[in-house]
Amino acid sequence: MRYISTRGKAPALNFEEVMLTGLAEDGGLYVPENLPVYSKEQIAAWAGLSYPELAYEIVQPFVDDAIPASDLKEIIHDSYKDFRHSAVAPLVQLDRNEWVMELFRGPTLAFKDFALQLLGRLLDYVLERRHEKVVIMGATSGDTGSAAIEGCRRCKNIDIYILHPHQRVSDVQRKQMTTVLADNIHNLAVQGNFDDCQQMVKDSFGDKSFLPSDRKLVAVNSINWARIMAQIVYYFYAALALGGPHRPVAFSVPTGNFGDIFAGYLARKMGLPVEQFIIATNTNDILHRFMSQNRYSMHELEHTLSPSMDIMMSSNFERLLFDLCDRDGAVIADFMERIKTEDVSISDQAFAKARALFDSYSVDDTVTVQTIAQIYKETEYVLDPHSAVGVKAARECRRNMQTPMITLSTAHPAKFPEAVLKAGDIQTPALPHHMADLFEREERYQVLPKELSSIQSYMVNSLSA
Ligand SMILES: *Cc1c(COP(=O)(O)O)cnc(C)c1O
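Not measured: the values here are computed from a predicted model.

**Student:** Quick rundown of the overall build of the protein chain? Include the residues and the values.
**Tutor:** Looking only at helices and strands, the protein chain has 18 helices and 13 strands in total. Taking 2.2 N^0.38 as the reference for a compact globule, 465 residues should give roughly 23 Å; the C-alpha atoms of the protein chain span a radius of gyration of 21 Å, in line with that estimate. Here the protein chain holds 465 residues, and 58% of them are scored as buried. Here the analysis covers contacts within the protein chain between residues at least 6 apart in sequence; of these, 76% occur between residues at least 24 apart. Carbon and sulfur atoms make up 47% of the accessible area of the protein chain, which amounts to about 18500 Å² in all.

Next comes the structure, spelled out in structure tokens:
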């Protein structure tokens, strides 16, 4: 399988190369040149597979000859064995034809574990074979950092550096990162805000000369193709559990960077009958505004009760635009250049293609809290604020009541107790057993000034041998 850039000017890569690359050289994102497409009969034959068995079927054609079948199977089984539910991604019913899929049963209680448990292991496997070591660098305001650290804690060939804004992430989120005490895990608390952290990561990717020449710098944010790939699996899994592929389904996806929902879009292109996708956003609603008016325009960032969706621009949306614009890299390069200074639209024809499949809805904090309360009243089920945004959008935008509507539940409610408390007389769910002693565990992190040279010299001096 070959991967091409959305801006049309970078060389095509194979799976191993694409996993070790962040952005393409031309600033674009990598996507598969061709997708495998399955008939209904082929998809139906996967009914009843366990989650890792299905994951192998979906993932194998993308990995292609990079990893032998038996090794890939083992890596996938290992990636999902620490999830705390035998179904890995269980479905919960809210009402007739209305479901949530719980994607928070992994080690850090958010859906990012699905991709990052697998990515860490895939990377370590290919690095071992290449006799190479790499450095992962990322900035986090919460979920990505902890999931990436958990995914890499046993990786021998990876040093991971996660920058978080000092004293500006929640206690649960910080402790999930800083209590992982392996030597290859480096938590840097930067005396600045999240944007400062992100800027220093960007600058480091822009000029990697601070690192020894034998250490590549690898990105694990959702521009990494392998993350999208891993997320395709649970769309098939949900549909198969609810009568697919002989019966179409619909999904509502709490969305920030458009990574998760883009994986669903790919599942549909691969042959899964999906009637509708709902882009559910909080008040950082650039995608909802685009879907309503065909105008892509940036607004100021707002801090909401669903912080993992607080974004100004959705990086992975570029991957969808590429398809909508008939995979014309020049059009995308022009679009991405122009949004730096103005509002941008796509052709009517391209916009109509998007509207045929996607609806969107924006949910503010007040309605998020009301939705948590409402669902609790109806079912005694407690949603986290991100999932509540998804359920509300699903109820507002459903096109067909006969089609099963599945909202992806992206985080465990105990991870975001503030929103649940605001919803009134609801018992805030406790942290799961494996994290019950989180607040007693030893922490390790380094406080550093917001200064690129300090960060980089700390990194170089702490690399494992
Ligand atoms: C990252 C995250 C999201 C948004 O996912 P995208 O792939 O960026 O759209 C939603 N909910 C939670 C809890 C997250 O951690």
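**Student:** Kindly report on the sheet that holds strand E5 (residues 133-139), identifying the contributing residues and their values.
**Tutor:** Within the open sheet, the 5 strands sit side by side as E8-E5-E6-E7-E13. Their pairing is parallel. Strands with a single pairing partner mark the edges of an open sheet, and in this sheet they are strand E8 (215-218) and strand E13 (446-449). Each strand axis lies, on average, 25 degrees off the axis of its neighbour in the sheet, ignoring direction. Pairing geometry for E5 and E8, over 4 bridges, is parallel. Residue pairing in the sheet places valine 135 in a bridge with leucine 217 of E8. Each of E5, strand E6 (158-165) and E8 touches helix H5 (residues 112-130); the most contacted strand, E6, lies at about 140 degrees to it. Helix H7 (residues 171-178) rests against E6 and strand E7 (185-191) of the sheet, and its axis sits at about 160 degrees to E6.

**Student:** Break down the packing of helix H4 (residues 69-80) against H5 for me, with residues and values.
**Tutor:** Between H4 and H5, whose axes approach to 9 Å, the crossing angle comes to 140 degrees. Viewed along their axes, H4 and H5 adopt a mutual orientation that is oblique. The two elements H4 and H5 meet at a crossing, and its hand is right-handed. Contacts between H4 and H5 involve Asp71, Leu72, Ile75, Ile76, Asp78, Ser79 and Tyr80 from the first element and Phe114, Gln117, Leu118, Arg121, Leu122 and Tyr125 from the second. Of the residues belonging to the contact of H4 with H5, the class tally is 8 nonpolar, 2 polar and 3 charged.

**Student:** Please give an account of the sheet that holds strand E11 (residues 358-362) that cites residues and values.
**Tutor:** Taken in spatial order, the 6 strands line up as E3-E4-E12-E9-E10-E11 in an open sheet, and their pairing is mixed. The sheet is open, and its two edges are formed by strand E3 (91-95) and E11, each paired on a single side. Within this sheet the neighbouring strands show an average axis-to-axis angle of 25 degrees, counted without direction. The pairing of strand E9 (residues 249-254) with strand E10 (residues 274-281) spans 6 bridges and is parallel. Along E10, the bridge assignment pairs proline 254 with alanine 280.

The rules behind each value
- Residues numbered from 1 in each chain as written.
- Predicted model: local features only at pLDDT ≥ 70, side-chain atom pairs only at ≥ 80, totals over all residues.
- Heavy atoms only, no water.
- Helix = DSSP H or I, 4+ residues; strand = E, 2+ residues; numbered from the N terminus.
- Rg over C-alpha atoms; globule rule 2.2 N^0.38 Å.
- Buried < 20%, exposed > 50% of the residue type's maximum accessible area, 1.4 Å probe, protein only.
- Contact = heavy atoms within 4.5 Å.
- Areas by Shrake-Rupley, 256 points an atom, 1.4 Å probe, with all protein chains shown as cover.
- Pairing = 2+ DSSP bridges.
- Axes fitted to C-alpha atoms, helices over the stretch in contact; angles between N-to-C directions.
- Parallel < 35°, antiparallel > 145°, perpendicular 65-115°, else oblique.
- Left-handed = near helix turned anticlockwise from the far one by under 90°.
- Nonpolar A, V, L, I, M, F, W, Y, C, P; charged D, E, K, R; others polar.

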